[in-house]
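Listed here are the chains, written in short residue letters.
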Amino acid sequence: MPEKNIKSNYEPKIVAFFCNWCTYTAADLAGVSRLKYAPNVRVIRIMCSGRVDPQFILQAFASGADGVLIGGCHPGDCHYAEGNYKMLRRFRLLKRMLKDLGIADERLRLEWISASEGEKVKLVINEMVEQVKALGPLAIPQHLKNINEELKHFPGEEIREEEMAHA
Amino acid sequence: MPEKPKIGFYWCASCGGCEESVVDLAEDIVMVADAVDIVFWPVAMDFKRADVEAMEDGSILATMVNGAIRTSEQEEMAELIRRKSKIVIAYGSCAHMGGIPSLANEFSRTQIMEFMYQESPSVVNPDKTRPMTSVKHNSFNVTLPEIRNLVRTLDQVIEVDYYLPGCPPTPKLLKDAVLTLLSGKLPPKGTVLSPDEALCDQCARKDTKPSDLSFKHFYRPHAVLLDSTKCLLSQGVVCMGPATRAGCEALCISANMPCSGCFGPTSRVRDQGAKMLSSLCSNIDPKDEDGIDAVLEDIPDPVGTFYRYGLASSLLRKKITEDM
Ligand code: SF4
Ligand code: SF4
Ligand code: FES
């Protein structure tokens, strides 16, 4: 893994799934209030944290994300009643499973951030970027590419490259 | 009389069960043997690699390859078979998704070698001997295939036309596949030759599956008395039925055992394990972290539970380790 030789200019890529009703609005508020937070986060707006299929999270890592952040409404505040609880339950097991697959704890984070908590968006993102930076790149596409060099020829290569291009 | 279509069978990193399943065709094997010429089947007939090399490219109608790909030799054979066959079918969970052998992707090759040739309690190896790919013996250079860093699915090393799922595929699926091949009415390339719906849809216990599951515990099947008429999930046993493709006729369920997922996902799901984790966790009863964790303790090995037959074909494919 390239985790050892961290380049000083390494900037982690973090994919964020933010609930439309709370964290996404809070991120907007942070922007309007000119709060400064690290530019490493690519935000994907979803209608509820409960919509985050664990496949999305794995796909993000497999496509080259160094971290995944999920933001949802506080317990009791989900617009679809139970979506955030569903997310929390998946998150608890997914975290354990990712650990078994060699992906450090800090790379996946779930936070409850209401629409008025612009400041919390800033704090969470800055903290996560620092933590993931300290871990170094995860770089799964590169990792697999290196391993696949042992193959004589690799028919899936083009597909992979295409997947990487979407990263 | 026109020449009969030529069929081949080959095995890679597999247990032999898939070969057994061909013999399980019973009387139907006569039908198959009548309709086709089996030109390559190392487990049952004496064929050497040179025999295959001597065949004309594309001269075999279809070869069914079972087993995952772990060694350089399996890789070369897969490529050779690809050249010689019009159609290549990944036969069984290992060729299809990596199968149980691909759980080895939770360890690096170095770790596996260290354990198998040194640390395992039954090994005595004071000279620290390790397998080598070539060694001089008298005046001969003896070579062995290389063990690759990763267990791969068949379609991660060659192009695959169709997939026959299952650990192993059922005789019915094999028979249907052979009839399809002979009919010449071929489905689109990449098709998994089994119904594209969830196992639950074909399960005899489907009507007893509640829409509002709520798990307070999970039980391993040997640890509870299971009602043989009720949905296993509703009894707190992890049954992969909701995240698994139909086609096996719910074999395990009829033996009162939960589905462990050998048919892989339907076409709408990319990652079977993540899908199962999602559906299972959504229905856990508690809402607080500690309560949730307590229920989840009953699933000590999520990777082995949700990816039992498909770590190699999952989105992450392997454990991310320092040494590959
Ligand atoms: S969960 Fe298992 S037992 Fe229940 S309906 Fe689905 S396949 Fe049948
Ligand atoms: S019930 Fe599940 S594990 Fe058993 S044969 Fe069918 S698909 Fe495979
Ligand atoms: S609506 Fe925000 S988490 Fe469900």
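Residues numbered from 1 in each chain as written. Chains lettered and ligands numbered in written order. Predicted model: local features only at pLDDT ≥ 70, side-chain atom pairs only at ≥ 80, totals over all residues. Heavy atoms only, no water.

1. Some points on the layout of surface pockets
Residue and element names in this part refer to chain B.
- Put simply, the second largest pocket is a space of about 370 Å³.
- Lining the second largest pocket are 18 residues; nearest its centre among them are Arg220, Pro221, Val238, Thr305 and Arg308.
- Looking at the lining of the second largest pocket, its residues break down into 11 nonpolar, 3 polar and 4 charged. (1 Å grid on protein atoms, 1.4 Å probe; cavity = no way out; pocket = protein on both sides within 12 Å on 5 of 7 lines; lining within 4 Å. Points joined across faces, edges and corners; volume = space filled by probe spheres on them. Nonpolar A, V, L, I, M, F, W, Y, C, P; charged D, E, K, R; others polar.)

2. Side note on the domain arrangement of chain B
- If you check the domain split of chain B, you get domain 1 (6–100 + 149–183), domain 2 (111–147) and domain 3 (199–306).
- Taken over C-alpha atoms, the centre of domain 2 of chain B sits 41 Å from the centre of domain 3 of chain B. (Domains from an automatic or database assignment.)

3. Quick notes on the sheet that holds strand 5 (residues 85–91) of chain B
Residue and element names in this part refer to chain B.
- What the 5 strands build is an open sheet, ordered 2-1-3-5-9; its pairing is parallel. The open sheet is flanked by strand 2 (37–40) and strand 9 (162–164), the only strands paired with a single partner. When strand polarity is set aside, the average angle formed by the axes of neighbouring strands in this sheet is 30°.
- Bridge count between strand 3 (residues 60–66) and strand 5: 6 bridges; the pairing is parallel. Across the sheet, residue Asn66 finds its bridge partner in strand 5, namely Tyr91.
- Those strands touched by helix 4 (residues 72–84) are strand 1 (6–11), strand 2, strand 3 and strand 5, and its axis lies near 135° from that of strand 5.
- Relative to the sheet, helix 7 (residues 171–183) contacts strand 1, strand 3, strand 5 and strand 9, its axis offset from that of strand 3 by approximately 160°. (Pairing = 2+ DSSP bridges. Helix = DSSP H or I, 4+ residues; strand = E, 2+ residues; numbered from the N terminus. Axes fitted to C-alpha atoms, helices over the stretch in contact; angles between N-to-C directions. Contact = heavy atoms within 4.5 Å.)

4. Focus on the pattern of salt bridges
- All told, the structure shown has 26 salt bridges over all chains when counted by the stated rule.
- A salt bridge links B:Arg152 to A:Glu150, with the nearest nitrogen and oxygen atoms 2.9 Å apart. With B:Arg152 in strand 8 (residues 147–152) and A:Glu150 in the loop between helix 5 (140–148) and helix 6 (157–165), this residue pair bridges two chains.
- Note that B:Glu53 is salt-bridged to B:Arg49, the shortest N-O span being 3.4 Å. With a gap of 4 residues between them, B:Glu53 and B:Arg49 both fall in helix 3 (residues 49–54), about one helical turn apart. (Salt bridge = Lys/Arg side-chain N within 4 Å of Asp/Glu carboxyl O.)

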